[in-house]
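A closer look at the structure
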Amino acid sequence: MSLTRRRLLTGPFAPDPGHAWIAARGREAARAGDVEAQAAAALIRISSNENPLGPGAHVVAAIAARYPEASLYPGNATDREASLVGVLAKKFGARDEQVTLGAGSGELLTNAVRAFTSTSRPLVTAWPSFEAPRDTAKKIGTPVREVGFDSALRIDLDKLVEASKGAGLVFFCNPNNPTATVHGKTAVADTVKAIRAASPDTVILLDEAYHDYVTDPAYATAMPLAVSTPNVFVARTFSKAHGMAGLRAGYAVGDARVISALAAYKMPNGLGTLTLAAAMASIANTAHIDAERARNTEVRAFTVKAFADMGLSGTASQANFLFMDIKRPAKGFRDACRAAGVLVGRDFPPFEQQYCRISVGTMDEMQKAVAVFRTALAGAPTTSRQGGR
Ligand SMILES: Cc1ncc(COP(=O)(O)O)c(C=O)c1O
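Residues numbered from 1 in each chain as written. Predicted model: local features only at pLDDT ≥ 70, side-chain atom pairs only at ≥ 80, totals over all residues.

**Things to note about the sheet that holds strand S3 (residues 123–126)**
To keep it simple, the criterion reads: Two strands qualify as a pair provided that DSSP identifies no fewer than 2 bridges between them. Secondary structure elements are taken from DSSP: a helix is a run of H or I of four residues or more, a strand is a run of E of two residues or more, and numbering for both begins at the N terminus. In this analysis, axes come from line fits to C-alpha atoms, helices being fitted only over the stretch in contact, and the angle between any two N-to-C directions falls in the range 0 to 180 degrees.
Pairing is mixed in the open sheet, where 7 strands are placed in the order S2-S8-S7-S6-S5-S3-S4. Strand pairing shows two members of the sheet lacking a second neighbour, strand S2 (99–102) and strand S4 (144–147), which therefore form its edges. Adjacent strand axes in the sheet meet at a mean angle of 20 degrees when their direction is disregarded. In this structure, strand S7 (residues 232–237) lies alongside strand S8 (residues 250–254), joined through 5 bridges in antiparallel fashion. Each residue of the ladder has a partner; that of Arg 236, found in S8, is Tyr 251.

Below, the structure written as structure tokens:
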């Protein structure tokens, strides 16, 4: 008989198949009479760009199979960091020394700022974008050069190139969080080339956290570019399409010299034994990721259409979240949604007077959420159009 989550995870781990694990935790608390947890379990959580289904059954089976190794240090376990590095190197046509791991790609982004910037070598980032690089720069006293967007809220690539001169690190998030927009393969390659010409010593970090959700045919991963170009690397995560945000695994692939400098900051044993087992199982199953992309694409289209029926649109989302022009401040909308049991994204200045980030949940969750949105958006718009910077 095949292994399923229901059969594998019994006792304290017992979620129903197909439900988010957090909801399962809530049900346990509910049984224990914890009123706050009961309320939390009923919330539709579309605020953090998490995968609403969690990891696949094959990943859960791998974790369960390796559970007896939880007592071992990762270096003594069956699936080790070196095993995952080897698999990733092969997958992307790289040598092992062109790959390093992190406890989530957030660790890699943070360490990249530590490794490649300084008080005299700024960080360049679109803004708003994923905040870890900018937050780290601010903590360590690295100046930050923020770059804006074009009218479609895609990162302004000319400005990114211009700002790169003399910078230590350019953070190029593609698709960008929170705007959900993507640049195509040619634009990325041309931008990397232009940055290298303008500022040859600057390291370029291409963040592909949402790579698996892109459907735009003009897009392609920058992995081949990173493997063959000095000072360039790509960061990816297991937190999104792989559904493993709580397990903490990410990786970087690119120029061996840059990867080695990044790896010097790596937390030893940063990826746990069970995380490594999960990552090994997940990376091997590309069909599951294809199915997750198809599922997300369908629910994303449903949600976009529901907004269109309300006369509202957003950016051209290429991720598992939408950046919707709700024509009013995000805060009021967010508060109204929360009161009705739906959690949507936080503010993203300078767009918070007009745009809200909404993650793509399951179809069932989004059908319920759309009904809540319809009520929350029933009044007249209160903001006029807010342009890109
Ligand atoms: C663009 C982007 N990069 C990186 C990350 C970091 O993810 P993690 O540290 O979970 O791998 C996130 C998380 O939301 C993200 O949105």
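**Overview of the site of the ligand**
The condition that has to hold: The rule is simple: place the C-beta atom from the backbone, and if it lies within 6 Å of a molecule or strand, the residue is near it. Gly is put with the polar residues, along with every residue not named as nonpolar or charged; the nonpolar set is Ala, Val, Leu, Ile, Met, Phe, Trp, Tyr, Cys and Pro, and the charged set is Asp, Glu, Lys and Arg.
Around the ligand, 14 residues are found, and the nearest of them are Gly 104, Gly 106, Ala 209, Thr 237 and Ser 239. No other element matches helix H6 (residues 105–116), which puts 3 residues into the shell around the ligand. Residue composition of the shell around the ligand, by class: 5 nonpolar, 8 polar and 1 charged.

**Concerning the sheet that holds strand S10 (residues 321–325)**
Just so we agree on the cut-off: By the convention adopted here, residues are in contact when the distance between their C-beta atoms, placed from the backbone, does not exceed 7 Å.
As summarised here, the arrangement of the 3 strands in space is S9-S10-S12, forming an open sheet in which the pairing is antiparallel. In the strand order of this sheet, the two ends are held by strand S9 (313–314) and strand S12 (355–359), each with one partner. Helix H13 (residues 286–309) rests against S9 and S10 of the sheet, and its axis sits at about 10 degrees to S10.

**Concerning helix H15 (residues 363–376)**
Quick note on the threshold: The span one expects for a helix is its residue count, reduced by one, times 1.5 Å.
Taking 1.5 Å as the rise per residue, H15 with 14 residues should run 20 Å; its terminal C-alpha atoms sit 20 Å apart, in good agreement. Those residues of H15 hidden inside the fold are in contact with strand S1 (44–45), H13, helix H14 (330–339) and strand S11 (342–343).

**Side note on the pairing of strand S6 (residues 203–207)**
Rules: Field definition: a residue is buried when 20 or more other C-beta atoms are found within 10 Å of its C-beta, exposed when 12 or fewer are, and partly exposed for counts in between, with C-beta atoms placed from the backbone. Here is how to tell: hold the view so the strands point away, follow the path from the first strand over the helix to the second, and if it runs clockwise the crossover is right-handed.
Most of S6 is tucked away: 5 of the 5 residues are buried. Taking every second residue as pointing to the same face, both faces of S6 are buried, with Val 203, Leu 205 and Asp 207 on one and Ile 204 and Leu 206 on the other. Viewed along the sheet, the connection from strand S5 (residues 169–173) through helix H9 (residues 185–198) into S6 turns out right-handed. The sheet contact formed by S6 and S7 spans 4 bridges and is parallel. Within the sheet, the bridge partner assigned to Ile 204 lies in S7 and is Val 232. This β-α-β element, S6 to helix H10 (residues 223–228) to S7, shows right-handed connectivity.

Honestly, it's all geometry; don't read function into it.
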